[in-house]
Amino acid sequence: MRLAIVGFGPRGLFCLEQLIKAAITNSKLSKLELSIFEPNENWGTGLAWRINQSQANWVNISDAALKDLPSRAELVCSAFTIKAFPSYTNWCKTNGLSQQDTEKDNYPERSQIGHYLHQRACSILKVLEENKKIKRVKKKL
């Protein structure tokens, strides 16, 4: 089964995670040939969340709205394991990027969410590449 993901921002990342989860659940991972097309360096971020943007660019939604950005459970198949990745809230706490636990809204920098998305993307892409399950293509279609 040959598939492609065109554009690897947050939606492409979500698509990949769900696709791999379903392929493992249905024992179809061995039959999967996946190509990902993305011209940008920081995979998983898209343009809005790129990590090298000005620190003056702030998110227009508060941390309270981001608390439901879920973790990724560990994905285990017979050949390899993709480690779990924390929720945005837990990732912030682990990396010393406090999310305020008060009633006052906090608006993080866009690049902060970009770092989260990029690290999450790299954590799955690395394992899939090492196991020859995906081909990354750094160009536009």
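Refer to the structure presented above.
All of the points below concern the structure found in this document. Please read all numbers here as calculations on a predicted model, not as lab measurements.

Details of the overall build of the protein
Alright, step 1. For the protein, the helix and strand inventory stands at four helices and five strands.
Alright, step 2. If you list the helices and strands of the protein from N to C, you get β-α-β-α-β-β-α-α-β.
Alright, step 3. Its C-alpha atoms give the protein a radius of gyration of 16 Å, within 12% of the compact-globule value 14 Å for 141 residues.
Alright, step 4. For the protein, the spread of C-alpha atoms along the principal axes amounts to about 50 × 30 × 20 Å.
Alright, step 5. Expressed as a percentage of the 141 residues in the protein, the buried residues total 38%.
Alright, step 6. Of the contacts formed within the protein by residues at least 6 apart in sequence, a portion of 74% connects residues at least 24 apart.
Alright, step 7. Carbon and sulfur atoms form 51% of the exposed surface of the protein, whose accessible area is close to 8,600 Å².
Alright, step 8. Placing the 21 positive and 13 negative side-chain charges of the protein at their respective mean positions leaves the two points 9 Å apart.

What about the pattern of salt bridges?
Alright, step 1. Enumeration over the complete set of coordinates arrives at six salt bridges.
Alright, step 2. Glutamate 17 is paired through a salt bridge with arginine 120; the nearest N and O atoms lie 2.8 Å apart. Of this pair, glutamate 17 sits in helix H1 (residues 10-25) while arginine 120 sits in helix H4 (residues 110-130), and the two are 103 residues apart along the sequence. With respect to class, glutamate 17 is no different from arginine 120; both count as buried.

Quick word on the side chain of glutamate 38
Alright, step 1. Counting through the fold element by element, glutamate 38 comes out in the loop between strand S2 (33-37) and helix H2 (63-66).
Alright, step 2. Overall, the relative accessible area of 7% leaves glutamate 38 in the buried class.
Alright, step 3. Within polar-contact distance, the side chain of glutamate 38 engages the backbone nitrogen of phenylalanine 8 at 2.6 Å.
Alright, step 4. Among the polar contacts listed, one links the side chain of glutamate 38 to the side chain of asparagine 40, at a separation of 2.8 Å.
Alright, step 5. Beyond its immediate sequence surroundings of up to four residues, glutamate 38 is in contact with Gly7, Phe8, Gly9, Trp43, Val137, Lys138 and Lys139.

Here's the deal with the sheet that holds strand S5 (residues 134-137)
Alright, step 1. Pairing is parallel across the open sheet formed by three strands, whose spatial order is S1-S2-S5. The outermost strands of the open sheet, each flanked by one partner alone, are strand S1 (2-6) and S5. Taken over all neighbouring pairs, the strand axes of this sheet differ in orientation by 20° on average, direction set aside.
Alright, step 2. Two strands pair when backbone bridges link them, and S1 and S2 are joined in this way by five bridges, in the parallel orientation. Within S2, the position partnered with alanine 4 by the bridge is serine 35.
Alright, step 3. Its contacts with the sheet put H1 on S1 and S2, and the angle it makes with S1 is roughly 155°.

How each quantity is defined
- Residues numbered from 1 in each chain as written.
- Predicted model: local features only at pLDDT ≥ 70, side-chain atom pairs only at ≥ 80, totals over all residues.
- Heavy atoms only, no water.
- Helix = DSSP H or I, 4+ residues; strand = E, 2+ residues; numbered from the N terminus.
- Rg over C-alpha atoms; globule rule 2.2 N^0.38 Å.
- Buried < 20%, exposed > 50% of the residue type's maximum accessible area, 1.4 Å probe, protein only.
- Contact = heavy atoms within 4.5 Å.
- Areas by Shrake-Rupley, 256 points an atom, 1.4 Å probe, with all protein chains shown as cover.
- Lys, Arg positive; Asp, Glu negative; His and termini not counted.
- Charge placed at Lys NZ, Arg CZ, Asp CG, Glu CD.
- Salt bridge = Lys/Arg side-chain N within 4 Å of Asp/Glu carboxyl O.
- Polar contact = N/O pair within 3.5 Å; in protein donor to acceptor, adjacent residues only side chain to side chain.
- Pairing = 2+ DSSP bridges.
- Axes fitted to C-alpha atoms, helices over the stretch in contact; angles between N-to-C directions.

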